[in-house]
Structures are given as C-alpha cells and as structure tokens.
Amino acid sequence: MQLSIDLKTKDIISLISQMSLNELEKVKNSLVERELYFKKFQKDDIENIINDFKREEYSNDFLTDLEEGLKKSSVYK
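Residues numbered from 1 in each chain as written. Predicted model: local features only at pLDDT ≥ 70, side-chain atom pairs only at ≥ 80, totals over all residues. Heavy atoms only, no water.

### Topic: the nonpolar core
Ile-46, Ile-49, Ile-50, Leu-63, Leu-66, Leu-70 and Tyr-76 form the largest nonpolar core, which has 7 residues in total. Those elements giving two or more residues to this core turn out to be helix H3 (46–55) and helix H4 (60–72). Residue contacts for Leu-63: discarding those within four places in its chain leaves Ile-50, Phe-53, Lys-54 and Tyr-58. (Core = buried A, V, L, I, M, F, W, Y, C linked by side-chain atoms within 4.5 Å. Buried < 20%, exposed > 50% of the residue type's maximum accessible area, 1.4 Å probe, protein only. Helix = DSSP H or I, 4+ residues; strand = E, 2+ residues; numbered from the N terminus. Contact = heavy atoms within 4.5 Å.)

### What to know about H4
Taking 1.5 Å per residue as the helical rise, H4 with its 13 residues ought to reach 18 Å, and the 18 Å between its terminal C-alpha atoms agrees with that figure. Those residues of H4 lying buried are Leu-63, Leu-66 and Leu-70. Seen along its axis, H4 keeps its buried residues to an arc of 65°; they face one direction. Facing away from the buried side of H4 by more than 90 degrees, the exposed set consists of Asn-60, Asp-61, Asp-65, Lys-71 and Lys-72. Its buried side turned inward, H4 meets H3. (Expected span 1.5 Å × (residues − 1). Arc of directions from axis to C-beta.)

### Description of a nonpolar patch on the surface
Taken together, the side chains of Leu-3, Ile-5, Leu-7, Ile-12, Ile-13, Leu-15, Ile-16, Leu-21 and Leu-24 define a hydrophobic patch exposed on the protein surface, amounting to about 890 Å² of accessible area. Elements that contribute at least two residues to the nonpolar patch include exactly helix H1 (9–17) and helix H2 (21–33). Element by element, the count of residues in the nonpolar patch is highest for H1, at 4 residues. Here Leu-24 is to be found in helix H2. On the basis of relative accessibility, which here comes to 31%, the residue Leu-24 falls in the partly exposed class. (Patch = residues over 30% accessible without salt bridge, like charges linked within 9 Å, V, L, I, M, F, W, Y side chains within 5 Å. Areas by Shrake-Rupley, 256 points an atom, 1.4 Å probe, with all protein chains shown as cover. Salt bridge = Lys/Arg side-chain N within 4 Å of Asp/Glu carboxyl O.)

### A few points about the pattern of salt bridges
Tallied over the full model, the rule gives 3 salt bridges. For Glu-25, the salt bridge is made with Lys-28, and the minimal N-O distance between the two is 3.0 Å. Taken together, the residues span about one helical turn, with Glu-25 and Lys-28 both in helix H2 at a distance of 3 residues. Given the relative accessible area of 41%, Lys-28 is considered partly exposed. Between Lys-71 and Glu-67 there is a salt bridge, and its shortest N-O distance comes to 3.3 Å. In this pair, Lys-71 and Glu-67 both sit in helix H4, 4 residues apart, roughly one turn of the helix.

Shown next as structure tokens:
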C-alpha cells in the first residue's frame, strides 16, 4: 500500500519544530542515507554565463579569467 499526501513547506517546518533532538537526528540520518539533500545541478552554457557578466560591464580581463576558470572547474568537466 502506498500513501500520498500533499504538504506545504510551512506544514513540514511546523512538524519539524515539534520534533525532539533525537527525532531530528533520525530524520537527518535518513536524508543523508538516501542522498535526498542533493539536487541535480543543471549547468548553463559557459557562453551564457559570460554574456550575463558582460551585460553587467565587467572588465575583459575578468571575463577572460572567469571563462578560463569555468572551463577548468570540476562542475564543467
């Protein structure tokens, strides 16, 4: 049997605020075990990021350093 309910964020916070430290620790451990705290990162094209900074009138030296850094970063590999 599967049960599905809709909860609003404020309801979840309210429930959490009523929990004991021991109960909170169990919830935390359960979240970590299931890796529920990770959200998939959706990266944007480096060109789009650079264009955003260009619109804010950052210097060309900064933009070059930023682009090189992004290309080397683990997020974009």
